[in-house]
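# Architecture at a glance
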Amino acid sequence: MKIQSPVYYGDYLQLPKILSAQVTESGKHGKPAHDETLFIIIHQTYELWFKQILHELDSVRVSLQQPFVPSTELSVVQSRLERVTAIQQILIDQITVMETMTTLDFMEFRDYLVPASGFQSLQFRLIEATLGIKPEHRMEVEKQFFTSRLKAEDRATLEATEARVSIFELIQAWLERMPFSHFGDFNFWGEYSRAVEKMLAQDREIISTNPILDERTLTIELKNLDLSRESFNTLLDATRFAEWKTSGKVRLSQSAHLSAVFIYLYRDYPALQMPFRILNSLVEVDEKFTTWRYRHAIMVQRILGTKIGTGGSSGHDYLKSTTERNRAFVDFFNLATFLIPKEMTPKLPKEIRDQLDIVYDNFRT
Ligand code: HEM
């Protein structure tokens, strides 16, 4: 390798550029507010981490876009998602630093910032869109803000990302391609159905013979058990599942759901360990974003009370709603609904077990 001129730390990291980018609005108005530097640096740090998250998620998208994703690449996908969740933990922890700023500290410079707001963070929106939050999942108020509060070029970038295939869609297609719905002569889902009935019968027995339940609680618990049966039946019935999709109760297709349930049930087999870890990482990504949104909403309540935000939203109330709604992978959380205890899980025929075990079989003596 030919050595160019020696690399100098500050030049390599372009520190003069980065460290001269903390220009306070309060200073410009001749009333420098001490805490505005913290406010700027925290936001800039977030944006740098957002950039890294997008870098990781874009590479995950590229890997998953292949018609067949080799197992070595699945491992890379999983480790990149794990890196994203490690960064997300830092993003959550940083809120503690932000919270050292009190309402009065913030009020010294807040009015100079209107109408700017974290709401306009393009990278945050790109992360949401890359994961799978599309315009149809957003509240009306959010869509209006995008039209009125984002610069035209940012809106165009966001719309282009929203039009691209998302990680949610790619994972769905990957699950749909998995061969777990049909196993030749072995009717796995029939066996699963029988196991579910056995489990529900046991649950009914436990509830009905519980001496501490009064009449009313007994009726409620038995009704809940019937609802549980309904959920299992819907999972296996294409028409009813389609109704769930149309009503927005689920986003993931039925066949992707079935593959995911199979992976969760038999995740200890070598061939399913990596798919399980990937689904679990997506759950983790979703959970950490939800935690960040919640911490941010609580921080906003602490600093602003019920005041509206600089971006013009209702502030805390608006943020509480996006915490609940803007989640790409809720269906993977709800997979727990369809799981049954290990001892009741149908035993797979040898030829299927051998396929799922294939990795270690090669080393058997
Ligand atoms: C004193 C600190 C902060 C306050 C008082 C605050 C306040 C708010 C408010 C009120 C909103 C709702 C939109 C609006 O009306 O402006 C909002 C949205 C947002 N803020 Fe903050 N924020 C603070 C710090 C941060 C930091 C450090 C970040 C990191 C990038 C951030 C990122 C965001 C994002 C991404 C949204 C949009 C969330 C969504 O639409 O679900 N905020 N913020």
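Scroll up for the structure.
Overview of the structure. (Residues numbered from 1 in each chain as written. Predicted model: local features only at pLDDT ≥ 70, side-chain atom pairs only at ≥ 80, totals over all residues. Heavy atoms only, no water.)

## Focus: the packing of aromatic side chains
What the rule picks out here adds up to 27 aromatic pairs. Between Phe50 and Phe124 the ring centres are 5.8 Å apart and the planes differ by 55°, which places this aromatic pair in the tilted class. Separated by 74 residues along the polypeptide, Phe50 in helix H4 (residues 36-64) and Phe124 in helix H8 (residues 122-131) bring together distant segments of the chain. Phe124 shares its class with Phe50; the two are buried. For the ring pair Phe188 and Trp189, a centre distance of 4.7 Å and an interplane angle of 80° mean the geometry is edge-to-face. Residue class for Trp189 comes out buried when judged on its relative accessible area of 10%. Cluster of aromatic residues (ring-pair linked, three or more members): Phe186, Phe188, Trp189, Tyr192, Phe232, Phe241, Trp244, Phe262, Tyr266, Tyr269 and Phe338. (Phe/Tyr/Trp six-rings, centres within 6.5 Å; stacked < 30°, edge-to-face > 60°. Helix = DSSP H or I, 4+ residues; strand = E, 2+ residues; numbered from the N terminus. Buried < 20%, exposed > 50% of the residue type's maximum accessible area, 1.4 Å probe, protein only.)

## Brief notes about empty space enclosed by the protein
Scanning the model with the defined rule gives 1 cavity of 30 Å³ or more in all. There is about 100 Å³ of room inside the largest cavity. What lines the largest cavity is a set of 13 residues, and nearest its centre among them are Leu131, Ile133, Phe289, Arg293 and Asn326. For the lining of the largest cavity, the elements supplying multiple residues, two or more each, are H8 and helix H16 (270-304). At 5 residues, the largest contribution of residues to the lining of the largest cavity is made by H16. (1 Å grid on protein atoms, 1.4 Å probe; cavity = no way out; pocket = protein on both sides within 12 Å on 5 of 7 lines; lining within 4 Å. Points joined across faces, edges and corners; volume = space filled by probe spheres on them.)

## A short note on the coordination of the iron atom of the ligand
Looking at the iron atom of the ligand, one finds just one donor atom contributed by the protein, His296 (NE2), at 2.2 Å. Positionally, His296 belongs in helix H16. (Donors = N, O, S within 2.8 Å, 3.2 Å for Na, K, Ca; no water.)

## Considerations on the site of the ligand
In the vicinity of the ligand lie 29 residues, with Ser117, Arg125, His296, Ser313 and Tyr318 positioned nearest. Contact between the ligand and Ser117: an oxygen atom at 2.7 Å from a side-chain N or O atom of the residue. The separation between an oxygen atom of the ligand and a polar side-chain atom of Arg125 is 2.7 Å. Comparing atom positions with the cavity grids shows the ligand to sit within the largest pocket. Broken down by secondary-structure element, the contributors of at least two residues to the shell around the ligand are H4, H8, H16 and helix H17 (316-325). For the shell around the ligand, the leading source of residues is H16, giving 7 residues. Split into classes, the residues belonging to the shell around the ligand amount to 16 nonpolar, 11 polar and 2 charged. (Near = heavy atom within 4 Å. Polar contact = N/O pair within 3.5 Å; in protein donor to acceptor, adjacent residues only side chain to side chain. Sits in = over half its atoms within 2 Å of the grid points. Nonpolar A, V, L, I, M, F, W, Y, C, P; charged D, E, K, R; others polar.)

## Here we look at the nonpolar core
Formed by 100 residues in total, the largest nonpolar core has its most connected members in Ile171, Leu175, Phe188, Tyr192, Phe262 and Phe332. Ranked by residues supplied to this core, first place goes to H16 with 15 residues. Setting aside anything within four residues of it in sequence, one finds Phe332 in contact with Ile171, Leu175, Leu252, Ala260, Tyr264, Leu279, Leu282 and Val283. (Core = buried A, V, L, I, M, F, W, Y, C linked by side-chain atoms within 4.5 Å. Contact = heavy atoms within 4.5 Å.)

## Re the layout of surface pockets
The volume enclosed by the largest pocket comes to roughly 1,500 Å³. In terms of lining residues, the largest pocket is bounded by 50 residues, among which Phe39, His43, Ser117, Gly118 and Phe119 are the most central. Here the element with the most residues in the lining of the largest pocket is H4; it accounts for 12 residues. Per-class residue counts for the lining of the largest pocket are 27 nonpolar, 17 polar and 6 charged. In this structure, the second largest pocket encloses a volume near 790 Å³. Together, 27 residues line the second largest pocket, and Leu74, Phe180, Ala271, Leu272 and Pro275 are the ones closest to its centre. Among the secondary structure elements, those contributing two or more residues to the lining of the second largest pocket are helix H5 (71-98), helix H11 (167-177), H16 and helix H19 (350-361). The element contributing the most residues to the lining of the second largest pocket is H16, with 7 residues.

## Considerations on the packing of H8 against helix H10 (residues 152-163)
Helices that pack against each other are described as a pair by the angle of their axes relative to one another and the distance between those axes. Where H8 meets H10, the closest approach of the two axes is 9 Å, and the angle between their N-to-C directions is 15°. Taken together, the axes of H8 and H10 are roughly parallel relative to one another. Read as a crossing pair, H8 and H10 show a hand that is right-handed. Residues Leu122, Arg125, Leu126, Ala129 and Thr130 of H8 pack against Asp154, Thr157, Leu158, Thr161 and Glu162 of H10. When grouped by side-chain class, the residues that make up the contact of H8 with H10 number 4 nonpolar, 3 polar and 3 charged. (Axes fitted to C-alpha atoms, helices over the stretch in contact; angles between N-to-C directions. Parallel < 35°, antiparallel > 145°, perpendicular 65-115°, else oblique. Left-handed = near helix turned anticlockwise from the far one by under 90°.)

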